[in-house]
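# Summary of the model geometry
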Amino acid sequence: MQIKLIQLQKHGDERGSLVALEEEKNIPFPIKRVYYLFKTQDGVRRGLHAHKKLKQVAIAVRGSCRFLLDDGDEKIDLLLDNPAQGLLIESFMWREMYDFSDDCVLMVLADDYYDEGDYIRSYEEFHALAHGGK
Ligand code: T46
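Definitions and limits used
Every chain begins its residue count from 1, and numbering advances along the sequence as written. Restriction of local features to residues with pLDDT of at least 70 applies here, the model being predicted, together with a cutoff of 80 or more for giving and counting side-chain atom pairs; totals for whole chains, interfaces and linings are based on all residues. Based on all heavy atoms of the structure, the side-chain values leave hydrogens and waters out of the count. Categorising residues by exposure relies on relative accessible area from a 1.4 Å probe, with only protein chains included: less than 20% of the type maximum marks a residue as buried, more than 50% marks it as exposed, and the intermediate range marks it as partly exposed. By definition, any uninterrupted DSSP run of H or I lasting at least four residues is a helix, any uninterrupted run of E lasting at least two residues is a strand, and each is numbered from the N terminus. Following DSSP output, two strands are said to pair if at least two bridges run between them. Scored between 0 and 100, pLDDT is the confidence that the predictor attaches to each residue. Definition of a polar contact: a pair of N or O atoms within 3.5 Å, with one able to donate and the other able to accept a hydrogen when the atoms are protein atoms, and with sequence-neighbouring residues admitted only if both atoms are side-chain atoms.

- With an unreviewed UniProt entry as reference, the chain is termed WxcM-like domain-containing protein, source organism Chitinibacter fontanus.

The structure is reproduced here in structure tokens:
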């Protein structure tokens, strides 16, 4: 499985740093929705689902958290701790987020509006679909 980490250009000077996110440029899709997770409590595991169609880019704009990505065959676990790095999460990928630092703000850009019908929340269902054709 190939995971794409997008290196976002950091514009820095003596005042600090700035990162710009542009649809179809450094973000490889039209951005229809942005949301962010913060004040995640100790020991919490979030995600635990896949999406049928949705594509997203996740950026730890502050602090850090771990991501587990699973395509049904292979699992990859990685740390997101860099506000100039975006994790591309393709559709049909099981994801779990955990080990959030107290200060973590995880921002997510999505290529579509919120739709509960796009979620696969059962790992068994995801695994069966992954192995039986999508
Ligand atoms: C994902 C990971 C990385 C909304 O009303 N609108 C929204 O845009 C979103 C994302 C969520 N919600 C509601 C639905 C739930 O009642 O907010 C509540 C928490 O959502 P959820 O339990 O799905 O949150 P996570 O952290 O488990 O997953 C989220 C995204 O839902 C998901 O698409 O890939 O972050």
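## A look at the pairing of strand β7 (residues 65–70)
- Most of β7 sits out of view: five of its six residues are buried.
- Pairing analysis gives six bridges linking β7 to strand β8 (residues 75–80), with the strands arranged antiparallel. When the bridges of β8 are listed, Leu68 appears paired with Asp77.
- Bridge analysis of β7 against strand β10 (residues 94–98) gives five bridges, and the strand direction is antiparallel. Note that in β10 the partner of Leu69 across the bridge is Arg95.

## So, the confidence of the model for the chain
- On average, the chain scores 97 in pLDDT, and the residues at 70 or more come to 99%.
- For this predicted complex, the interface confidence reaches an ipTM of 0.98, while the overall pTM sits at 0.97.

## Concerning the side chain of Asp118
- Position of Asp118 among the secondary structure elements: in the loop between β11 (105–110) and β12 (119–120).
- Among the polar contacts listed, one links the side chain of Asp118 to the backbone nitrogen of Leu54, at a separation of 3.2 Å.

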